[in-house]
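Residue-level structure breakdown
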Amino acid sequence: MNSSATTPSATPEPCAIVIFGASGDLTQRKLIPALYDLDRQGRLPAGLFVVGVSRTPMSDDQFRDKMLAGVKQFAAVFDEGKWKSFAQRIHYFPGDGAAAGSLGPLSTRLGELGQARGINRLGGMPNVLFYLSVAPELYEKIIDNIRASGLVSEGHRWCSLNAEQTPWQRIIIEKPFGTDLKSTVSLNQCLGRVFEEDATYRIDHYLGKELVQNLLVMRFANTIFEPLWNSQYVDHVQVTAAETVGVGSRAANFYDTAGAMRDMIQSHLLQVLCLVAIEAPSTYDARSIMFEKVKLLNTFHPVPTDELTRHCVLGRYGAGTGGKPDDVAYIGESGVKPERRTETYAAMRVQFDNWRWAGVPFFVRSGKKMAGKLTEVVVQFKHPPVNLFRELGVQTRPANRLIINIAPREGISLRIEGKIPGAGLNIGSAKMDLDYLQRFGGEVIEAYGPLILDAIRGDRTLYKHRDEVEGGWKICDPYIHDERVRAAIAEYAPGTWGPAQADAMIAVGSSGPSPRVWHNPKADDLRA
């Protein structure tokens, strides 16, 4: 893993944020509301401004009005006075970022706006953070146009003799980062022709969630977990992301060519898994954490082609029984081509050939129209080697289990066994629970805001290195392209926890007194 080192600035520097695809849904629902919240909290640097770029003809004021509707609906708190101040940071540039020769005037506009705010550096340009909020097939065209327009003046700023006065250029890329390993390598090569790796920010909003970040704090700020965090004590690990809603209108314009494996497992859940399984980084910085994640992914145990169907289950939801419009089966959604056999559910078994985790299976699953909305990590510990209390009639008790809720109720719980008060020796399970917001309070911030702020500071700790992305595709590619895996796709009923085949998959190889099962909490259970 080679990349030049960049030390993040302690405070964010003034810059221009250029959003390609500014008329799209992501900009209105996530990006501008997140930036507004940061500004409301006083966390944006003075002089920072935003330029939205898209083909839709609009003036600055028309673009601001469009963004205002999104801020009112999606920002954490709306304040009219704060909005009026923030709106003066927002500008618009009509243009097709993918059309050759279209970005020359944008360079002039950025220089003018930067000069008006007094934030230009050498060469008469401000720092620039590009954000690609466009269809993935446009990524390489826009990146090539950025290069051709001269918007990236110095790709090797780190070796400049006057780096402090030289404007930087960075780029944030939305997932998906390719559709398979081959396309990902092509995209990374395209990025590398224009931007240094340390100026490239592959965003994963999952990594901006508080409890995802807290995984490393929980593991390495507490000494009690490290001695147990290995194959001697851990039976298996589960990473789950379940949603109760279906695909709906996303089917035609995105989902039917992606599926759960590409949309969730490769892009999000493998990152969460990495934070659970990596070795302790030498320090809490981007380079050290990325190094450990890449090292882990390089130990992935490859699965022989004839065993792929034993390690992966695909499913898609069937029709509901309520007679409502959203009770349609996935193959009945508008724009879906049934012959593609696109999955709305995927479960996968992953193992790593290293000293810490050899023999420990990691189970990753994600699905639509499931029984509950849930994103969690379950660390299932092994049973004690013997049942010390068997002579007293005590049956085998459940093993200890650590649950880390990432959403919707952030928190951590540990199941332990204890004696029930009274005559005789009766044992029951108890839960030691930490509710994150209840204990620490604070305002829940949309993940995009802190991640954008990190990019402005030059901190890639919560972003992905190219080797991480390619490592994830090396794990998922065989399942995505294998016809037998796709031919075995199973239908599951809406409101359940997925196809029964996934239950059979997780049970294979169970070594304890009872078979492994998924953690499927009931509606009212919280980290139970």
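Scroll up a little and you will see the structure.
Here goes a summary of the coordinates provided. (Residues numbered from 1 in each chain as written. Predicted model: local features only at pLDDT ≥ 70, side-chain atom pairs only at ≥ 80, totals over all residues. Heavy atoms only, no water.)

Once that is clear, we can look at the side chain of Ser366. With respect to the helices and strands, the residue Ser366 is situated in strand β10 (residues 362-367). Reaching out from Ser366, the side chain makes a polar contact with the backbone oxygen of Ala241 at a distance of 3.1 Å. The contact partners of Ser366, leaving out residues within four places of it in the chain, are Ala241, Ala260, Met264, Ile265, Leu269, Thr344, Tyr345 and Ala346. (Helix = DSSP H or I, 4+ residues; strand = E, 2+ residues; numbered from the N terminus. Polar contact = N/O pair within 3.5 Å; in protein donor to acceptor, adjacent residues only side chain to side chain. Contact = heavy atoms within 4.5 Å.)

Quick look at the nonpolar core now. Ile17, Phe20, Leu106, Leu110, Phe130 and Met261 are the most contacted members of the largest nonpolar core, which totals 146 residues. Not counting residues up to four positions away in its chain, the partners in contact with Leu106 are Val18, Phe20, Val51, Val53, Phe93 and Leu151. (Core = buried A, V, L, I, M, F, W, Y, C linked by side-chain atoms within 4.5 Å. Buried < 20%, exposed > 50% of the residue type's maximum accessible area, 1.4 Å probe, protein only.)

Spatially, the 9 strands line up as an open sheet ordered β14-β13-β12-β11-β7-β10-β9-β8-β15, and their pairing is mixed. Strands with a single pairing partner mark the edges of an open sheet, and in this sheet they are β14 (427-435) and β15 (490-492). Neighbouring strand axes in the sheet, compared pairwise and without regard to direction, differ in orientation by 20° on average. Running over the sheet, helix α9 (residues 259-277) touches β7 (234-242), β8 (312-317), β9 (345-350), β10, β11 (374-381) and β12 (401-407) and is turned about 145° from β10. Here helix α14 (residues 466-481) sits on the sheet and contacts β8 and β9; the angle it forms with β9, its principal contact strand, is near 125°. (Pairing = 2+ DSSP bridges. Axes fitted to C-alpha atoms, helices over the stretch in contact; angles between N-to-C directions.)

This next bit is on the pairing of β12. In terms of burial, β12 is a largely internal element, 7 of the 7 residues being buried. Where β11 meets β12, 6 bridges bridge the pair, whose relative direction is antiparallel. The residue bridging Glu376 from the neighbouring strand is Asn405, located in β12. When β12 meets strand β13 (residues 411-419), the two strands line up antiparallel, connected through 5 bridges. Bridge pairing in β13 places Arg401 opposite Arg415.

Moving on, we get to the packing of helix α10 (residues 286-297) against α14. At a minimum axis distance of 9 Å, the contact between α10 and α14 shows a crossing angle of 20°. Put simply, α10 runs roughly parallel to α14. The handedness of the crossing between α10 and α14 comes out as left-handed. Of the residues in α14, those touching α10 at Met290, Lys293, Val294 and Leu297 are Asp467, Glu468, Gly471, Gly472 and Ile475. Residues of the contact of α10 with α14, tallied by class, amount to 4 nonpolar, 2 polar and 3 charged. (Parallel < 35°, antiparallel > 145°, perpendicular 65-115°, else oblique. Left-handed = near helix turned anticlockwise from the far one by under 90°. Nonpolar A, V, L, I, M, F, W, Y, C, P; charged D, E, K, R; others polar.)

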